[in-house]
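Report on the structure
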Amino acid sequence: MAFFRTVAFSDTPPAIEGTGVALRAPLAADFSEWTTLRETSSAFLRPWEPTWPLDDLSRGAFRRRLRRYAEDQRTDQAYTFFVFRRTDGRLVGGLSLANVRRGVAQAASLGYWMGAAFARQGCMSDAVGSIVPFAFATLGLRRVEAACIPTNVASVRLLEKCGFEREGYARRYLCINGAWQDHLLYARVREDSDDISG
Ligand SMILES: CC(C)(COP(=O)(O)OP(=O)(O)OC[C@H]1O[C@@H](n2cnc3c(N)ncnc32)[C@H](O)[C@@H]1OP(=O)(O)O)[C@@H](O)C(=O)NCCC(=O)NCCS
């Protein structure tokens, strides 16, 4: 019954092609490019993310991360993708549909990050614009939610540009950079997408 739909991919979810970026599941071979990108983007990313564990950029932590991604995807809890620039195949960032809720919700939370050197080049708009149809058409979700700190102008602009509507304000919503911070709540619902019926 479509209403209570869940999905199961035999292996990894399909790659997703955007205009200038391609999205695919993270692989062990991505470690050195990923760790370099995260390290060089540390000052850019940390103010807007949960506190990084001390060993976050180590190979062991990356292996655990991949195991968690695979398990979350197998159990239909979360879908994580790395974002690659199509012109040269460079890893530029990542995004995920997490906290998938089935049953009468059919919703998930969108999260994203971009390497500092690749920011403000339209890559994340492209990636978000590509993952939303995947969420609705492939995963069968009806609602994609996102939340950001009100002072995060880049994130606010990204969401509004990608057609997310501001729905509310949640006090002390998430623990970001070591502090419980208020967030703006945004969502896109399936009915916002003209090309997806049902
Ligand atoms: C938010 C983030 C993912 C946006 O990625 P991006 O690839 O730079 O986004 P885009 O280039 O697609 O830009 C999207 C829009 O935001 C605008 N924008 C991006 N960075 C901006 C900034 N620092 N100030 C103002 N506007 C900004 C862009 O100009 C664009 O709007 P426009 O087309 O109307 O000009 C990236 O800035 C980032 O990773 N920030 C740090 C971590 C973070 O905030 N994570 C999300 C937590 S909710």
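Please refer to the structure placed before this passage.
In this report, we go over the structure that sits alongside the text.

Rules of the game
Residues numbered from 1 in each chain as written. Predicted model: local features only at pLDDT ≥ 70, side-chain atom pairs only at ≥ 80, totals over all residues. Core = buried A, V, L, I, M, F, W, Y, C linked by C-beta atoms within 7 Å. Buried ≥ 20, exposed ≤ 12 C-beta atoms within 10 Å, placed from the backbone. Helix = DSSP H or I, 4+ residues; strand = E, 2+ residues; numbered from the N terminus. Contact = placed C-beta atoms within 7 Å. Near = placed C-beta within 6 Å. Nonpolar A, V, L, I, M, F, W, Y, C, P; charged D, E, K, R; others polar. Pairing = 2+ DSSP bridges. Expected span 1.5 Å × (residues − 1). Axes fitted to C-alpha atoms, helices over the stretch in contact; angles between N-to-C directions. Arc of directions from axis to C-beta.

With that settled, the discussion passes to the nonpolar core. Ranked by internal contacts, the top residues of the largest apolar core, which has 35 residues, are Val 83, Leu 97, Ala 127, Val 128, Ile 131 and Ala 135. Of all elements in the fold, only strand E2 (21-24), strand E3 (79-85), strand E4 (91-101), strand E5 (107-114), helix H4 (123-138), strand E6 (143-148), helix H5 (153-161) and strand E8 (179-189) reach the threshold of two or more residues within this core. In this view, Ile 131 contacts Ile 16, Leu 23, Phe 81, Leu 95 and Leu 97; residues no more than four positions away in its chain are not counted.

The local shell around the ligand holds 21 residues, among which Trp 48, Met 124, Ser 125, Ala 154 and Arg 157 are the closest. Elements supplying a minimum of two residues to the shell around the ligand: helix H2 (42-45), E5, H4 and H5. With 6 residues, the top contributor of residues to the shell around the ligand is H5. Here the shell around the ligand is built from residues that sort into 13 nonpolar, 5 polar and 3 charged.

Buried residues dominate E3, accounting for 6 of its 7 residues. Where E2 meets E3, 4 bridges bridge the pair, whose relative direction is antiparallel. Within the sheet, the bridge partner assigned to Leu 23 lies in E3 and is Val 83. Inspection of the sheet shows E3 paired to E4 by 6 bridges, in the antiparallel sense. Across the sheet, Phe 84 pairs through a bridge with Leu 91, a residue of E4. The antiparallel pairing of E3 with E4 creates a hairpin that spans 5 residues between the two strands, and Gly 89 there sits at a positive phi of about 75°.

For H4, built from 16 residues, the straight-helix expectation of 22 Å at 1.5 Å per residue is met to within 8% by its first-to-last C-alpha distance of 22 Å. If you check which residues of H4 are buried, you get Cys 123, Met 124, Asp 126, Ala 127, Val 128, Ile 131, Val 132, Ala 135 and Phe 136. Immediately beyond the C-terminal end of H4, within one or two residues, lies Gly 140, with a positive phi of roughly 75°.

With that settled, consider the pairing of E2. Judged by which residues are buried, E2 turns out to be one-sided: Val 21 and Leu 23 face inward and are buried, whereas Ala 22 and Arg 24, on the alternate face, are not. Two strands pair when backbone bridges link them, and strand E1 (residues 16-17) and E2 are joined in this way by 2 bridges, in the antiparallel orientation. Across the sheet, residue Ile 16 finds its bridge partner in E2, namely Leu 23. Taking the residues that link successive antiparallel strands as the turn, the E1-E2 hairpin has 3 residues.

The next subject is the sheet that holds E8. Ordered by their spatial adjacency, 8 strands build an open sheet running E1-E2-E3-E4-E5-E6-E8-E7, and the pairing between neighbours is mixed. The sheet is open, and its two edges are formed by E1 and strand E7 (165-176), each paired on a single side. In this structure, E7 lies alongside E8, joined through 8 bridges in antiparallel fashion. What sits directly across from Ala 170, in E8, is His 183. Docked against the sheet, H4 engages E1, E2, E3, E4, E5, E6 and E8, running at close to 30° with respect to E4.

What follows is about H5. Among all positions of H5, only Ser 155, Leu 158 and Leu 159 are buried. Around the axis of H5, the buried residues are gathered within 95° of arc, so they sit on the same side. When the buried face of H5 is taken as reference, the exposed residues oriented beyond 90 degrees from it are Val 153 and Glu 160. Where H5 is buried, its residues touch H4, E6 and E8. At the exit of H5 stands Gly 163, carrying a positive phi of roughly 85°.

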